[in-house]
Amino acid sequence: MGEMAMAGYGLDKAVRASVSFDTPCGALLRELEQIWTEIGEREQDKDRMFLELETECMRVYRRKVDSANAERAQLRQSLMAKEAELKALVASIGENTTQFKVDEKHTSLKDQLAAVTPLLEELRAKKEERIKQISNVQSQIEKIKAQISDHDYQNNGSVKHLNDDHDLSTRRISDLQMQLRNLQKEKSDRLQKVFIYVDEVHSLCAVLGMDFAKTVKEVHPSLHETNSENSTNISDSTLEGLTQTILKLKAEKKTKVLKLQEIVEKLHKLWNLMESAEQERRQFAKVAAVLGSNEEEITSPGILSLETIQETEEEVERLTKQKASRMKELVLKKRLELEDVCRNAHMEPDTNTAPEKIIALIDSGLVDPCELLSSIEVQIAKANEDSLTRKDIMERVDKWLSACDEETWLEEYNQDDNRYSAGRGAHLNLKRAEKARILVQKIPTMIDNLIAKTFSWEDERNVPFLYDGVRLVAILEEQKLRRAQREQEKRRSRDQKKLQSLLLKEKELIFGSKPSPKKTNSFNRRASNHHSNGNGAGFMTPVPRRVSAGSATPELLTPRSYSGRYNNYFKENRRLTAAPLNFSAVSKEDSMSSFASISGSEPDSPLYLH
């Protein structure tokens, strides 16, 4: 007990020593000690009461310290939480960390907390703004995706989802905006494609005479309700439905076009056969235009409707019934058409369909007039086809015949003794004679080329080339032989004329009038000089070319007497129109040169000497 008292006393002394009497607490302790002294408290009691007082003070201090520690810990915890939130917001928003950093070395916790709070509020506001911005972009993205995928768009919970999102940076906003722009472009492309498809469906429905509204509503109701961009469905199913609808309509259009073209082709044939009036044809003018048009060119509204096709079919049936009563007339008319085609191509028509046979067959009822008409139409088509294959040769034949006509004219012109007179139009005839002579020189080449061309044609088709029933090669070969014999006769005639002229000149030189002495001497010198030429045998008279006795020309092949059946056939059946002469003024030099060339004289002839 005494040890405890001594210890307490020592503690009391220590406490009293530690408390400064200058403080209010020290003044109170001094006043309490004086009161105890006056009361008469013992020292042990004073020490005990001082100890109790000290213990109570320690409890108060401890409570204060604990309270201060708790407050400091709370401040630190709050500061750490706010700093953590600050860092999280900075990281989420993607801002610069140095801008939102607090200096911890020179400020208290409350100052730090006061400095962090406005930064945190600013970042929270930015976060809310970013959340709204991202939410708006994402909602647009989800809406467009829903439109593309044809799902119902739900906007619930999108903001809540974004509150837990840790990436609110501008980079993410840029990515979302890029994604949104891509989706908007895809939406615009899809919308444009939908409009193009709808327009195509509208055009096809108009041509086919179908209900456009009903057709597109089967694909999706929004395609006809309004043209608003927001209500038009752009999903894959809508595009696929429109594509299938277009393919179906195009297939139906193609089928109807082929059907209508077949009907219109029959209608055209009936019009041509029946020689229908323009008034009757005008009623089906739009339908008739389908025959010569492509499928893409047929765009008239209702042109392929069921009503139009039915009306056209009824018209064909009406004309078909009317045709039956006029079949004989039509068949005969087709026969005349066949004869015209064959006549123009110098071919022989089929004798099995001669007019008298046609009438007999139709009257007897043994042959169906429609079959007979079809047979003649086939013959007409074949005749037209054959005429095309013969076109090149026929053009060459026409040129050859024209050259022969010019040759005939030239021969008649050369026999005219007044061809060099200064009459009116003489210079024009001279000019024509020049051209005719050039053309006549080409006739042998024309005949050879025509024969080669005809042989090639015959070898290619293994049939003879007939000209009005006669083989053309035979005509050309006979013409070639006739020309060769005529040229031979001309050469003989020229040789005889030259021989007669030489004999006449020699006779004049020998038996002519007696010249004067000077002239005689001169003539004798010339004669002696002349006799000294050659082998010294004296003056030699040219010997004319012998004409063999067996070279007589038959009547058919003599010049200007080509009266065989080929020549008569050409003269009777060639329908050549004589072209008018192209009279033009020529100069005096042209007239003189023409005169010289027409005369047919050799350079040594008297015409040139004069």
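Structure first, text after, so check above.
Residues numbered from 1 in each chain as written. Predicted model: local features only at pLDDT ≥ 70, side-chain atom pairs only at ≥ 80, totals over all residues. Heavy atoms only, no water.

Student: I would appreciate a short explanation of the packing of aromatic side chains in the present structure.
Tutor: Tallied over the full model, the rule gives three aromatic pairs. Considering the side-chain rings of W409 and Y413, the 5.1 Å spacing of their centres and the 10 degrees angle between planes classify their relative orientation as stacked. One end of the pair is W409 and the other is Y413, both in helix α16 (residues 391-414) and four residues apart, which spans about a single turn. Judged on exposure class, the residue W409 and its partner Y413 are both buried. Seen from their ring centres, W457 and F465 are 4.9 Å apart, and the 85 degrees between their planes marks the pair as edge-to-face. F465 sits in the buried class, given a relative accessible area of 0%. The side chain of R390 reaches across the aromatic face of F465, ending 4.0 Å from its centre. The ring of W409 carries R432 above its face, with NZ or CZ at 4.0 Å from the centroid. (Phe/Tyr/Trp six-rings, centres within 6.5 Å; stacked < 30°, edge-to-face > 60°. Helix = DSSP H or I, 4+ residues; strand = E, 2+ residues; numbered from the N terminus. Buried < 20%, exposed > 50% of the residue type's maximum accessible area, 1.4 Å probe, protein only. Lys NZ or Arg CZ within 6 Å of the ring centre and 35° of its normal.)

Student: When you look at the environment of I451 in this model, what are you seeing that I'm missing?
Tutor: With respect to the secondary-structure elements, I451 resides in helix α18 (residues 443-461). Separated by 22 residues in the primary sequence, I451 and V473 place their C-alpha atoms 6.0 Å from one another. In this structure, I451 is in contact with L476, E477 and K480, ignoring residues within four places of it in sequence. (Contact = heavy atoms within 4.5 Å.)

Student: Help me understand the environment of K453, please; the structure alone is not making it clear to me.
Tutor: When you line up the elements, K453 lands in helix α18. The class for K453 is partly exposed, based on a relative accessible area of 35%. As for K453 and V473, which are separated by 20 residues in sequence, their C-alpha atoms are 9.9 Å apart. Every residue in contact with K453, bar those within four places of it in the chain, is listed here: D392, I393 and R396. Looking at K453, its side chain comes within polar contact range of the side chain of D392, at 3.2 Å. (Polar contact = N/O pair within 3.5 Å; in protein donor to acceptor, adjacent residues only side chain to side chain.)

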